[in-house]
Each structure stands twice: as structure tokens, then as C-alpha cells.
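# Structural overview
Chain residues, written in single-letter form:
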Amino acid sequence: MTGEPGAAGAAAPALTVRRGRGTTRGVALVLHGGAEHGTEPVRPWHLAYLRMVPFARALAAAYGPHGVDVYLLRNRVRGWNGPAYDPVVDARRALARIRSEHPGVPVTLTGHSMGGRVALTVADDDAVRAVCALAPWTPDGDPVEPVRGRRVLLAHGTADERTSPAASRGYAERAVAVAGHLARVELTGERHAMLRRPGVWRRLVLDTTARGLELPAGPRVADLDDAWCEPAPTHLSITL
């Protein structure tokens, strides 16, 4: 997915792929953040993209031996850019490639900030089983229908200065009626960049991915063991 013209003359989205061992039994797609508006190309050294590299590496290290391929998407341009919705277009192209390479293989999505919004939007793809949205940008009115029947984890720092924890709580309250399983975690004192407690964020991603792909092994977050089955609102403000 490189070298083709894209939005605002930018190159096509780029995918970095870490192949798992043996037959592919699942795919984890990782999506980075951005901004509401912006047509400048996303470069490999941009912070929003680099922030997701450790998650892709952690997923590959933990689940590559179990046959999971990890795809890290770099969008064409920085902005959401409604009504063009450039990162949504990019994510759907990535999912189409994954389906063509691995027909019938389940997929999980991990996204941060704008990438969380993208993940929640494209979760209606037939291959998607689970979404892990980290500090997601969830404006009022965003539809929840795309997560119908999916496993969804929303995680937000209580001190997030960029995206609203209250808005993600509102999204969770609306989505809980349609999602297959939904939980929302609040990380006390954590901010948008996820720098204070990186290990906790990583474990949340690994846990959601393992459950979504029904892997035989993987880190579990004990606080989530019962949360997936608890009635709202008890599982919408799990504090870590």
C-alpha cells in the first residue's frame, strides 16, 4: 500500500507487517492518532505514529508465536477531515488487504485517539472481532452501530487533556446496548500521551486482543475477568 496518489496528493497509506509463526490464525491491526483537520502527509517520524510502534511490537512478541500477524497502518494524511474521513478510508483499505491475504481470519483493532475513533467506525467490517480504543476521540453523535456484536474496550486516562473521558463514557453508555461485550477502564492520573503507565496500557491491548482472537495464552487484566459479563454501569468505570 505504497506509492499511489492519495488525499491532497499524499502517498497511499503504508502498512508495516510483522508476520506470525506458521499458519495465520488472527490479525491485529494498529491505528494511530491524528487531528480533526490536516492534509499534511503522515511521516514515519511523527509522534502520533511512533506512539503506536511499541504496541505493534508488543503484540508481535506476545502473539506472533501463536500465528498472529500484526499490521501497523500509517495514514496518508494527518486529519480526520470530515466528510472525506481520510483515516477511515485508509483503515478500510487496510482491512480489505488483510481479508484478501487471509480470507476468513479474525481481526482485532487497536487505536489511539483519532485512531480509536477510526477503529470504532470500521468495526463493522465482517472480519473484526474486537476493538481496543485507547484515549479515543468520541464526539457526541458518533454512531455505535458499527460495534454491534463486537468485543469493545475503551480505556481513558482521568487527566486526559486532549480527548474527553466524559465523552468516551457517553459513547460506552450508548454502545453497551449493541456491543457483544463492552468494558471501559479509567487510568487514574494518566494523560493523553499514555506515558505514565505504559505497562498498563500495553496489558489492556494484549488482553483485549487475546480475548478477541480466542488465543490460548496471553496476559490477562484481572479487573476485566468479570467486567465483560457485568451489567452496566458497573463495567463502564473500572478504575486501574
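Structure first, text after, so check above.
Just so it is clear, the model here is predicted, and its values are computed rather than measured. (Residues numbered from 1 in each chain as written. Predicted model: local features only at pLDDT ≥ 70, side-chain atom pairs only at ≥ 80, totals over all residues. Heavy atoms only, no water.)

Another aspect to go through is the overall build of the chain. The helix and strand inventory of the chain stands at six helices and eight strands. Taken from N to C terminus, the helices and strands of the chain fall in the order β-β-α-α-β-α-β-α-β-β-α-β-α-β. The C-alpha atoms of the chain give a radius of gyration of 16 Å, which matches the 18 Å a tight globule of 240 residues would have. Expressed along its principal axes, the backbone C-alpha trace of the chain runs to roughly 45 × 40 × 35 Å. Counting over 240 residues, the chain shows a buried share of 55%. Of all intrachain contacts in the chain linking residues separated by at least 6 positions in sequence, the fraction that spans at least 24 positions is 71%. When the accessible surface of the chain is totalled, it reaches about 9800 Å², and 52% of it is carbon and sulfur. (Helix = DSSP H or I, 4+ residues; strand = E, 2+ residues; numbered from the N terminus. Rg over C-alpha atoms; globule rule 2.2 N^0.38 Å. Buried < 20%, exposed > 50% of the residue type's maximum accessible area, 1.4 Å probe, protein only. Contact = heavy atoms within 4.5 Å. Areas by Shrake-Rupley, 256 points an atom, 1.4 Å probe, with all protein chains shown as cover.)

Strand order in the open sheet made by the eight strands is β1-β3-β2-β4-β5-β6-β7-β8, with mixed pairing throughout. Sheet topology places β1 (14-18) and β8 (238-239) at the edges, where each strand pairs with a single neighbour. Where strand β2 (residues 26-31) meets strand β4 (residues 107-112), five bridges bridge the pair, whose relative direction is parallel. Residue pairing across strands places V30 opposite T110, the latter belonging to β4. Where helix α3 (residues 86-101) meets the sheet, it contacts β1, β2, β3 (68-74), β4 and β5 (128-134), and its direction lies at approximately 155° from that of β3. (Pairing = 2+ DSSP bridges. Axes fitted to C-alpha atoms, helices over the stretch in contact; angles between N-to-C directions.)

Quick look at helix α5 (residues 165-175) now. Looking at α5, one finds that the buried residues are A167, S168, Y171, A172 and A175. Down the axis of α5, the buried side of the element spans an arc of 145°, and every buried residue falls inside it. Structurally, α5 contributes buried residues whose contacts are with α4 (114-121), β6 (151-157) and β7 (181-187). N-cap assignment for α5: the residue whose side-chain oxygen lies 3.2 Å from the backbone N of A166 is S164. (Arc of directions from axis to C-beta. Polar contact = N/O pair within 3.5 Å; in protein donor to acceptor, adjacent residues only side chain to side chain.)

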